[in-house]
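Inside the fold
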Amino acid sequence: MGQLLLFIVVALVVATIVFGVTVLLSGSDPGLTPVEPDGRAVPLPSDRPLGEDDISATRFDTVWRGYRMAQVDQALQRAAYDIGYKSELIGVLEAEVVALREGRTEDADALRKAREAALVPAAQVPPAPETPVIPMAPSPDENVPADDPEPVEKR
């Protein structure tokens, strides 16, 4: 039984060597060729919330060892953001429902207004007023910059 197993192993090794030499001598193995990006990447949309179809339609450029890592990382980051946003929105909606069920209409109205304000696109939100910058005079303990003709001496 042991001799039969040894004969099978030797036959497989010899067959593998013969096959390898035949392929190398015939030149029919082109080897690994560089793969250029196919340019058919379909990124996730950035102007609206994600849907199931967006995830299934996403495509990445292929490269030598798989997909372009930057495209995959960007898609994962976008999906994680959208999942977090939707989780927070679900939490606010659930709190609003609980407040309505318990008869706390003021709390429910406040949650509804906050939710609606968060859904307004950034372009419709008026810009925050800029705070004026007031230049401060140097304190007597600080040195005045070298371009000032009258340096302040320390006391």
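The structure presented is a predicted model; accordingly, all values stated were derived computationally and were not measured.

Examining the overall build of the protein chain
For the protein chain, the helix and strand inventory stands at four helices and two strands. What you see in the protein chain, going N to C, is helices and strands ordered as α-α-β-β-α-α. A total of 155 residues make up the protein chain; the buried ones form 10% of that total. Residue pairs in contact within the protein chain that sit at least 24 positions apart in sequence constitute 36% of those at least 6 positions apart. Carbon and sulfur atoms form 63% of the exposed surface of the protein chain, whose accessible area is close to 13,600 Å².

Looking at the packing of helix H3 (residues 69-101) against helix H4 (residues 105-119)
The interhelical angle for the contact between H3 and H4, taken along N-to-C directions, is 155°, at an axis separation of 8 Å. Classed by the angle they form, the pair H3 and H4 counts as roughly antiparallel. Crossing of H3 against H4: the hand is left-handed. When H3 is examined against H4, the residues Tyr 85, Leu 89, Val 92, Leu 93, Ala 95, Glu 96, Ala 99 and Leu 100 are found in contact with a partner set consisting of Asp 107, Ala 108, Leu 111, Arg 112, Arg 115, Ala 118 and Leu 119. Split into classes, the residues belonging to the contact of H3 with H4 amount to 11 nonpolar, no polar and four charged.

What about the side chain of Glu 96?
Structurally, the position occupied by Glu 96 is in helix H3. At 3.1 Å, the side chain of Glu 96 and the side chain of Arg 115 are in polar contact. Beyond its immediate sequence surroundings of up to four residues, Glu 96 is in contact with Ala 108, Leu 111, Arg 112 and Arg 115.

Quick notes on the side chain of Asp 82
Relative to the assigned elements, Asp 82 resides in helix H3. Residue classification places Asp 82 among the buried residues on the basis of a relative accessible area of 5%. Leave out the neighbours within four places in its chain, and Asp 82 touches Pro 49 and Leu 50.

Overview of a nonpolar patch on the surface
Nonpolar side chains collect at one region of the surface, where Leu 5, Val 9, Val 13, Ile 17, Val 21 and Leu 25 lie side by side and expose about 590 Å² of accessible area between them. Among the secondary structure elements, Val 21 is positioned in helix H1 (residues 2-26).

Comments concerning the pattern of salt bridges
A pair can form between side chains of opposite charge whenever their charged atoms are brought close. Counted under the stated rule, the structure contains eight salt bridges. Residues Asp 54 and Arg 48 are paired through a salt bridge, measuring 2.8 Å at the closest nitrogen-oxygen approach. By relative accessible area, Asp 54 is classed as buried at 13%. For Arg 48, a relative accessible area of 41% corresponds to the partly exposed category. The residue Asp 82 makes a salt bridge to Arg 78 at a minimum N-O spacing of 3.3 Å. Residue Asp 82 and its partner Arg 78 are located together in helix H3, separated by four residues, close to a single helical turn.

A word on H3
Along its 33 residues, H3 runs 48 Å from first to last C-alpha, staying within 8% of the 48 Å computed at 1.5 Å per residue. For H3, every residue scored as buried is listed here: Ala 75, Arg 78, Ala 79, Asp 82, Glu 96 and Ala 99. In this structure, the buried side of H3 is in contact with H4. Note on H3: the residue one or two positions beyond its end, Gly 103, has a positive phi of about 85°.

A look at the confidence of the model for the protein chain
Put simply, the protein chain has an average pLDDT of 77, and 69% of its residues get 70 or more. Here strand E1 (residues 62-63) stands out as the least confident element of the protein chain, with mean pLDDT 78; H1 is the most confident, with 89.

Rules of the game
- Residues numbered from 1 in each chain as written.
- Predicted model: local features only at pLDDT ≥ 70, side-chain atom pairs only at ≥ 80, totals over all residues.
- Heavy atoms only, no water.
- Helix = DSSP H or I, 4+ residues; strand = E, 2+ residues; numbered from the N terminus.
- Buried < 20%, exposed > 50% of the residue type's maximum accessible area, 1.4 Å probe, protein only.
- Contact = heavy atoms within 4.5 Å.
- Areas by Shrake-Rupley, 256 points an atom, 1.4 Å probe, with all protein chains shown as cover.
- Axes fitted to C-alpha atoms, helices over the stretch in contact; angles between N-to-C directions.
- Parallel < 35°, antiparallel > 145°, perpendicular 65-115°, else oblique.
- Left-handed = near helix turned anticlockwise from the far one by under 90°.
- Nonpolar A, V, L, I, M, F, W, Y, C, P; charged D, E, K, R; others polar.
- Polar contact = N/O pair within 3.5 Å; in protein donor to acceptor, adjacent residues only side chain to side chain.
- Patch = residues over 30% accessible without salt bridge, like charges linked within 9 Å, V, L, I, M, F, W, Y side chains within 5 Å.
- Salt bridge = Lys/Arg side-chain N within 4 Å of Asp/Glu carboxyl O.
- Expected span 1.5 Å × (residues − 1).
- pLDDT = per-residue confidence, 0-100.

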